[in-house]
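Residues per chain, in single letters:
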Amino acid sequence: MDPVIFLIQVLNGVQYGLLLFLVASGLTLIFGIMGIINLAHGSFYMIGAYLAFSLTRLHGNFWVALAAGVVIAVAIGAALEWLVMRFLYRRDHLYQVLLTYGLILIFEELRSLVWGDDVHGVAVPQGLDFSIPLTDNLSYQTYRLVISAICLAIAFGMYWMIQRTRLGMMIRAGAVNREMVQSLGIDIGLLYRLVFALGVALAALAGMLAAPVSSVFPGMGNQVLIISFVVVVIGGIGSVKGALVAALAIGLADTFGKVLVPQIAGMVVYLLMAAILLWRPQGIFGRT
Amino acid sequence: MDTQPRSLQIILIAGLVALAAFPLVGEKFYIQFVTKVMITAMFAMSLDLLVGYTGLVSLGHALPFGLAAYALMFVSPENGAAGVWWSLAVVAGVAALASLVVGLLVLRTSGIYFIMVTLAFGQMAYFYVHDSKYLGGSDGKYIYVRPVLEIAGWQPFNLENHVDFYYVALALMAFVYVTLRVLLASPFGRVIAAIKENEHRMQMLGFATFRYKLVCFVLAGMLAGLAGWLTAAHDGLVNPEMLSWHQSGQLLMMVILGGMGTPSGPILGAAALKLLELGFQGMTKHWQLLLGGFIVLSVLLIPRGLAQLFEWRRRD
Amino acid sequence: MTEPALRTEALQKLFGGLAAVNDVSLECHVGRLHAVIGPNGAGKTTLINLLSGDLAPSGGRVELLGKEVTGLAAHRISQLGVGRSYQRTNIFMRFTAFENCRLAAQSRLPSSMRFLRPAVRYAEVNDAAARALALAGLRGRAGVVAAELSHGERRQLEVAMTLATQPKVLLLDEPLAGMGAEESARMVELLRTLVAGHAMLLVEHDMDAVFALADTLTVMVNGNVLASGTPDEIRANDEVQKAYLGDADD
């Protein structure tokens with residue numbers, strides 16, 4: 001393969017992987033810390049994209065729309081946790097699965113009511129809608145590089161928060177022993193609401209960032225959902241580090257798969273997951 | 001253990017009678033609809049054998065179902081009908097073999113990882129079929145004539161007739177139900193139930209638990225294959241969506257909603273989801289909102305699934 | 001001297017670099033009870049786990065009725081005639097006491113891959129289960145769901161299940177754990193009646209029970225065997241006194 005084409009594929013794979021990481025990290029936090037399997041997580045990605053669409057139409061500046069979108073997503077997440085999710089903590093996982101499946105249906109329909117069923121586009125933010133030339137006839141979209149940069153920054157931010165702040169410590173403790181954290185005087189209900197809202201915001205943010213490159217359409221949540229579960233499981237449930245590694249692996253595998261083995265491109269990700277789980281059933285960084 | 005509450009037994013018998021009488025008064029559309037519901041109920045029962053009774057939550061149960069459907073398509077001649085017996089045998093064999101191979105691999109995991117690995121294999125099958133030209137790709141293929149059963153020149157039923165098909169489906173649904181009840185009361189069934197309760201102790205008592213789980217996985221796959229055969233015969237069409245995770249996921253929802261590990265749960269779940277879907281679709285374009293709302297409320301309010309509604313409190 | 005029903009030779013289990021069980025050699029004969037005692041963390045439960053197949057040994061040999069069984073899977077060892085009861089009750093909480101024993105007894109059928117006749121119609125299995133329950137003193141409680149049994153009754157059920165598999169060798173891990181005086185006395189009597197027909201290995205902290213029942217005593221400390229012999233020999237052993245018996249009043 002031509003080195004420049006190879007580089008482009010790597011950049012694409014990394015960018016896709018980093019967006020996946022954003023979505024998957026929220027999923028792994030919610031699952032690992034609160035013990036909730038949330039099938040509706042893909043819906044938040046979709047809502048993010050649609051929010052980007054509407055907000056950029058309202059206010060021309062993409063970044064302002066992004067910030068507003070994150071705030072809205074946090075509010076939605078907190079409200080959802082308070083209204084519904086907090087009743088699921090003690091329930092069997094399967095009931096969480098069923099309930100959040102119902103939520104997918106509800107969110108799909110709400111999206112249809114508010115935005116309709118058309119496909120939309122979101123313009124690449126002003127100032128970034130140029131490409132960096134790599135050779136005579138190949139170039140790379142600057143915005144894609146910006147996406148990767150933002151996701152990496154968020155990854156570091158999450159690492160710092162979880163490892164170095166008091167909040168992060170509470171989150172880690174809450175994952176291990178809910179009752180103990182409560183007896184330390186920490187309001188676990190509030191903590192969980194925060195974590196859930198954070199997870200929702202991450203997924204929505206990913207959708208917003210992706211909107212200019214992947215367009216906004218119904219069903220975009222479904223595709224992302226299943227792959228992000230794969231990422232979470234390969235990386236190890238509850239491990240943000242694992243989600244990063246797995247997301248990058250999948251991003252690259254999927255991208256190169258489409259180029260190198262297009263006949264079985266769809267299967268590549270699942271082959272990878274099956275192979276990893278059969279070798280190491282708890283995922284790369286998961287605890288047995 | 002699994003003796004059902006009296007109220008439920010009465011309702012089941014009443015239901016059976018009602019189902020038997022329905023074609024006498026129903027229109028063709030609804031007869032065909034109820035036929036589909038009954039086939040779905042069989043499919044759901046096969047999954048509950050894994051989920052509710054053995055504790056194996058599979059998100060890839062569409063695999064034996066879809067492969068069976070495609071197998072029927074393969075053995076159905078373009079201008080004629082496949083024989084019921086031998087096409088069923090082929091289909092059962094395909095479903096069993098596929099489940100055996102997948103089971104040998106996935107049963108090495110457990111919990112959420114088991115769920116994901118079954119999903120992985122289901123998706124692999126989906127993408128393989130979806131991207132294969134010779135299998136019809138994303139459009140799928142047709143089955144032009146429904147299978148025919150002939151015994152020495154006599155045809156006991158004609159599957160092309162929607163009423164005949166209905167009764168065949170009803171009989172098979174009853175057959176699957178009874179088969180599961182017998183299975184669960186058998187020594188094999190008790191082992192399966194105990195594995196769900198405490199697998200480690202079963203190993204310590206001398207049971208090779210992997211083998212039992214594998215046999216269960218294969219049996220469930222064969223029953224799913226039966227549902228696949230019926231669906232393909234009924235719709236006259238097979239397409240990759242029959243192997244998708246949506247298919248597996250929706251089926252799982254029915255099993256959970258109806259009440260896992262109860263004999264009638266899967267039937268209730270399948271019937272509820274399909275009937276509500278039809279009903280809500282008739283009411284509004286935004287029917288998913290209603291269905292989703294129903295699901296959310298039932299999880300919050302009926303902790304053990306719809307079958308719980310029929311349990312009058314005999315014990316605390 | 002008859003062949004030992006169970007024999008270990010230099011048995012060892014390593015976790016990382018730590019030897020939880022190191023160089024343990026002992027024998028159990030039918031008709032005799034061999035007690036293993038020692039402070040917490042001495043490796044007694046690990047030893048039983050090695051013998052029952054819960055854990056695979058890192059080194060050494062295990063022989064059962066003359067046959068080598070080192071490293072065999074737990075279910076195979078069970079089928080060869082070893083029954084094991086657990087320190088922390090490990091039963092089927094949602095099944096009745098009878099069903100618990102019935103499952104244990106069913107394991108002795110040539111195969112449970114039987115799909116037609118209802119399990120409850122296997123008379124020989126039912127009889128074996130009823131016998132085991134009666135032997136363990138639970139005859140009247142057969143229909144009670146295990147979760148609703150008292151702690152002592154659950155410990156009895158543990159033993160009953162083990163008996164229902166008709167083992168030659170009994171590995172009992174602290175059967176008296178958490179029992180009051182009366183329940184303990186009943187359990188000791190039960191164990192006494194079982195010695196005649198089985199080779200028994202008993203891990204216990206209750207010293208009264210141990211000295212009342214044991215024909216041979218092995219004292220373990222930090223994974224190693226400190227001393228082994230008759231109860232009198234052990235009582236007289238100074239090292240053992242220092243390491244263990246001195247504060248064994250729990």
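Position labels on residues start from 1 in each chain and follow its written sequence. The order in which chains are written sets their letters, starting at A; the order in which ligands are written sets their numbers, starting at 1. Per-residue local features are limited, in this predicted model, to residues with pLDDT of at least 70; the limit for side-chain atom pairs, both in listing and counting, is 80 or more; totals at the level of whole chains, interfaces and linings are taken over all residues.

Q: It is not clear to me how the environment of A:L198 should be interpreted in this structure. Could you clarify?
A: Residue and element names in this part refer to chain A. Put simply, DSSP marks the helices as runs of H or I at least four residues long and the strands as runs of E at least two long, and each gets a number from the N terminus on. With respect to the element layout, L198 can be found in helix α8 (residues 188-214). Residues with at least 20 other C-beta atoms within 10 Å of their own are called buried, those with 12 or fewer are called exposed, and the rest are partly exposed. The C-beta atoms themselves are positioned from the backbone. Its 23 C-beta neighbours within 10 Å are what place L198 among the buried residues. A C-alpha to C-alpha distance of 10.0 Å links L198 and L27, two positions 171 residues apart in sequence. By the convention adopted here, residues make contact when the C-beta atoms placed from their backbones lie within 7 Å. The contacts of L198, once residues within four sequence positions are left out, are G26 and L29.

Q: I tried to follow the sheet that holds strand β1 (residues 6-15) of chain C on my own but got confused; where do I start?
A: What holds strands together in a sheet is hydrogen bonding between their backbones, with the strands either parallel or antiparallel. Residue and element names in this part refer to chain C. Two strands are said to pair when DSSP picks up at least two bridges between them. Pairing is antiparallel across the open sheet formed by four strands, whose spatial order is β2-β1-β4-β5. In the strand order of this sheet, the two ends are held by β2 (18-28) and β5 (67-68), each with one partner. Where β1 meets strand β4 (residues 59-64), five bridges bridge the pair, whose relative direction is antiparallel. Bridge pairing in β4 links E9 to R61.

Q: What is the right way to read the sheet that holds strand β3 (residues 33-37) of chain C from this model?
A: All names here are of chain C. Ordered by their spatial adjacency, six strands build an open sheet running β6-β7-β8-β3-β9-β10, and the pairing between neighbours is mixed. The strands lining the two open edges of the sheet, one partner per strand, are β6 (82-85) and β10 (224-229). Strand-to-strand twist of the sheet, defined as the mean angle between neighbouring strand axes without regard to direction, takes the value 15°. Bridging between β6 and strand β7 (residues 169-173) involves four bridges; their strand directions are parallel. Its bridge partner being in β7, R84 is matched across the sheet by L171. Every axis in this analysis is a line fitted to C-alpha atoms, fitted for helices over the stretch in contact. Angles between the N-to-C directions lie between 0 and 180 degrees. In this fold helix α1 (residues 44-52) packs onto β3, β6, β7, β8 (199-203) and β9 (216-221), with an angle of close to 150° to the strand it touches most, β7.

Q: Any chance you could explain the interface of chain C and chain B here in plain terms?
A: You'll often see interface size given as the accessible area lost when the parts meet. Contact with chain C, which involves 26 residues of that partner, is made by 19 residues of chain B. Going through the elements one at a time, α2 (74-79) and α3 (97-106) of chain C are the ones with two or more residues in the side of chain C that touches chain B. No other element matches the four residues that α2(C) contributes to the side of chain C that touches chain B. Only Asp, Glu, Lys and Arg are considered charged, only Ala, Val, Leu, Ile, Met, Phe, Trp, Tyr, Cys and Pro nonpolar, and every remaining residue, Gly among them, polar. Across the side of chain C that touches chain B, the residue classes break down as 13 nonpolar, nine polar and four charged.

Q: Explanation requested: helix α4 (residues 93-115) of chain A in the structure shown.
A: A turn of α-helix holds 3.6 residues, and therefore any two residues three or four places apart point the same way. Between its first and last C-alpha, α4(A) extends 32 Å over 23 residues, near the 33 Å set by a 1.5 Å rise per residue. In the stretch just after α4(A), A:G116 is the one whose phi turns positive, near 80°. Expected span of a helix: the number of residues minus one, times 1.5 Å.

Q: Explanation requested: the pairing of β4(C) in the structure shown.
A: Consecutive residues of a regular strand have side chains that alternate between opposite faces of the sheet. Residue and element names in this part refer to chain C. Relative to β5, β4 runs antiparallel, the two sharing two bridges. Bridging from a neighbouring strand, E63 pairs with E68 of β5. Counted between consecutive antiparallel strands, the loop separating β4 from β5 contains two residues, among which L65 sits at a positive phi close to 50°.

Q: Before we go on, may I ask you to explain the arrangement of the chains in this structure?
A: Taken together, the two pairs of chains in contact show their highest number of contacts between chains A and B. Of all C-alpha pairs spanning chain A and chain C, none lies closer than 16 Å, and the two are not in contact.

Q: What is the right way to read the interface of chain A and chain B from this model?
A: At the interface, 32 residues of chain A touch 31 residues of chain B. For the side of chain A that touches chain B, the secondary structure elements donating two or more residues are α4, α9 (220-235) and α11 (265-279) of chain A. Looking at the side of chain A that touches chain B, its residues break down into 26 nonpolar, four polar and two charged.

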